Amino acid sequence: MLLFQGMDRDIKPSRRIVICGGGVIGAAIAYFLSLKGARPVVIERHEVAGAASGKSGGFLALDWCRGTPLDRLARRSFALHAELAETLGNPWGFRRLATYAGQAAEGRSAGRPARLPWLGDNVAITGQIGGPETTALVEPHAFTTGLMRASGAEVKRGTVVGLAEGGVTLEGGEIVPGDAVVIAMGPWSNFDGLPQVFGLKGHSLVFKTGDAIPAEALFLEYQEAGGEVLTPEIFPRADGTVWACAISSTAALPRDPADVAADEGAHARLEALCRSLAPALAEAPIVARQACFRPVTEDGLPLIGAVQGVDGVYVATGHSVWGMLNAPATGEAMAGLILDGAAAHVDLAPFAPGRLRRSIQ
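Residues numbered from 1 in each chain as written. Predicted model: local features only at pLDDT ≥ 70, side-chain atom pairs only at ≥ 80, totals over all residues. Heavy atoms only, no water.

## Looking at the pattern of salt bridges
Stage number 1. Applying the stated rule across the entire model yields 15 salt bridges.
Stage number 2. In this structure, the salt-bridge partner of Asp 263 is Lys 201, at a minimum N-O distance of 2.8 Å. Here Asp 263, found in the loop between strand E17 (241-249) and helix H5 (266-275), pairs with Lys 201, found in strand E13 (residues 197-208); they are 62 residues apart in sequence, far enough to count as distant.
Stage number 3. On the accessibility criterion, Asp 263 (26% relative accessible area) is partly exposed.
Stage number 4. Salt bridges here are not isolated pairs; linked through shared partners, they connect Glu 224, Glu 228 and Arg 269. (Salt bridge = Lys/Arg side-chain N within 4 Å of Asp/Glu carboxyl O. Helix = DSSP H or I, 4+ residues; strand = E, 2+ residues; numbered from the N terminus. Buried < 20%, exposed > 50% of the residue type's maximum accessible area, 1.4 Å probe, protein only.)

## Quick word on the packing of helix H1 (residues 24-35) against helix H4 (residues 140-151)
Stage number 1. At their nearest, the axes of H1 and H4 sit 8 Å apart, and the two run at 30° to each other. For the element pair H1 / H4, the angle class is roughly parallel. As for the relative orientation of H1 and H4, their crossing is left-handed in sense. Together, Val 24, Ala 27, Ala 28, Ala 30, Tyr 31 and Ser 34 of H1 and Phe 143, Thr 144, Leu 147, Met 148, Ala 150 and Ser 151 of H4 make up the contact between the two elements. (Axes fitted to C-alpha atoms, helices over the stretch in contact; angles between N-to-C directions. Parallel < 35°, antiparallel > 145°, perpendicular 65-115°, else oblique. Left-handed = near helix turned anticlockwise from the far one by under 90°. Contact = heavy atoms within 4.5 Å.)

## What to know about the nonpolar core
Stage number 1. Within the largest apolar cluster, 65 residues are counted, with the highest numbers of intra-cluster contacts made by Phe 59 and Met 334.
Stage number 2. Sort the elements by how many residues they give to this core and helix H7 (residues 323-340) lands first, with ten residues.
Stage number 3. Leaving out residues up to four positions away in the same chain, Phe 59 has contacts with Trp 64, Leu 97, Thr 99, Thr 135, Ala 136, Leu 137, Ala 217, Phe 219, Phe 235, Trp 322 and Leu 325.
Stage number 4. Judged by nonpolar contacts, the second largest core, of 30 residues, contains Ile 213, Leu 220, Leu 230 and Leu 273. (Core = buried A, V, L, I, M, F, W, Y, C linked by side-chain atoms within 4.5 Å.)

## Considerations on the side chain of Asn 122
Stage number 1. Position of Asn 122 among the secondary structure elements: in the loop between strand E5 (98-105) and strand E6 (123-130).
Stage number 2. Side-chain polar atoms of Asn 122 contact the backbone oxygen of Ser 276, separated by 3.2 Å. (Polar contact = N/O pair within 3.5 Å; in protein donor to acceptor, adjacent residues only side chain to side chain.)

## Observations regarding the state of the cysteines
A covalent bond between the sulfur atoms of two cysteines is referred to as a disulfide.
Stage number 1. Evaluated as defined, the whole model comprises zero disulfides.
Stage number 2. Left without a disulfide partner, Cys 274 is nearest to the cysteine sulfur of Cys 245, which lies 8.7 Å away.
Stage number 3. Its relative accessible area of 0% is what places Cys 274 among the buried residues. (Disulfide = S-S within 2.5 Å.)

## Some thoughts on the sheet that holds strand E12 (residues 180-183)
Note on sheets: strands pair through backbone hydrogen bonds, and any given pair is parallel or antiparallel.
Stage number 1. Pairing is mixed across the open sheet formed by six strands, whose spatial order is E8-E2-E1-E12-E20-E19. Every interior strand has two partners, whereas the edge strands, strand E8 (154-157) and strand E19 (303-306), have only one. Averaged over all neighbouring strand pairs, the angle between strand axes comes to 20°, with direction disregarded.
Stage number 2. As paired elements, strand E1 (residues 16-20) and E12 share four bridges and run parallel to each other. Pairing of Ile 19 across the sheet is with Val 182, part of E12.
Stage number 3. In the packing of H1 onto the sheet, contacts are made with E1, strand E2 (39-44), E12 and strand E20 (313-317), and the angle to E1 comes to roughly 170°. (Pairing = 2+ DSSP bridges.)

## A word on the pairing of E1
Stage number 1. In terms of burial, E1 is largely enclosed, as five of its five residues are buried.
Stage number 2. The alternating pattern of E1 places Arg 16, Val 18 and Cys 20 on one face and Ile 17 and Ile 19 on the opposite face, and all of these are buried.
Stage number 3. When E1 meets E2, the two strands line up parallel, connected through five bridges. Note that in E2 the partner of Arg 16 across the bridge is Arg 39.
Stage number 4. Once the chain exits E1 it traverses H1 before rejoining the sheet at E2, and the crossover so formed is right-handed. (Right-handed = clockwise from strand over helix to strand, strands pointing away.)

## Thoughts on the packing of helix H3 (residues 71-88) against H4
Stage number 1. Packing of H3 against H4 leaves a shortest axis separation of 12 Å and a crossing angle of 60°. Between H3 and H4, the angle is such that the two are oblique. Here the hand of the crossing between H3 and H4 comes out left-handed. Contact residues: H3 offers His 81, Leu 84 and Leu 88, while H4 offers Phe 143, Leu 147 and Ala 150.
Stage number 2. Taken together, the residues of the contact of H3 with H4 break down into five nonpolar, one polar and no charged. (Nonpolar A, V, L, I, M, F, W, Y, C, P; charged D, E, K, R; others polar.)

## A closer look at the sheet that holds strand E9 (residues 160-164)
Stage number 1. Across the sheet, which stays open at both edges, the three strands sit in the order E9-E10-E11 with antiparallel pairing between neighbours. Of all the strands in the sheet, just E9 and strand E11 (175-177) have a single pairing partner and so form its edges. Within the sheet, the average angular offset between the axes of one strand and its neighbour, ignoring direction, is 30°.
Stage number 2. Examined bridge by bridge, strand E10 (residues 167-170) and E11 share three bridges and lie antiparallel to one another. Note that in E11 the partner of Gly 167 across the bridge is Pro 177.

Here it is, written out as structure tokens:
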């Protein structure tokens, strides 16, 4: 249980900011705080990029959030992704790509469909939904750890259990001091005084395909033999791997991110689906079988901003499927809010934590 206590302090750029959570949101906040001269300290109980931030697809889209409150955040982030890759040497394989939608059915040929050369004859392409100007990809684990290294943040292993006067309290009683605190623990951000954050579980596979699949992302509707329709996503990365997902569930969130495990049979089902889509996937070895929980809120929008009634405490979580995309603009906005009193490029009002009812524990 988190006991919120006042932290009424004048936050100067050189001050020490404690970030609870070593995922991509925490790493981005640490990076942009460091650009403003602050000293970020990141508390992580598992490992940097050890949960969803290291296992996501890493897909980026310029304008897929148009018409929603996320639109400006997404557009700013898409531009920042390109800038970060150029500035920091792109160790995470940022690449622009074409993106297609299609349909497929288990055990059935699509006849003579419009198709991409690397796909099997059971896949019909229904249209191009993105191009190099509007869709891109990063390897998420490398992106998260790369930003964290570039931030120069002190990373401390520990489990945050509450706020102390002038910092946070870790399990075991240690107090880590800071002039401000940011809660960025994904679906584990459920403390008294904050709106509920839920975890939606996803499963993914990573295939080693080399250069057999070009820079073409794929979003499908796939009908299984039993009639259920899945929506697989296939993303070819610059490092010669392909990430694929299709199966989600509402399994219970474990207390520790290290204890996340796949649902029984989920990876076998996903593997059979993927191997039916393309010869290159049928032949490729699997280098990772993954499961993670992405954080979602009651209204589907992230929590980004100051915690009401508590000086010096902020929250940034609940980004759902767009966490990797929107991390840079979130980090930039949070650094501005904490150190300058306002975000320069994005209106954070739609994401204010006070818009939702607070949890009671």
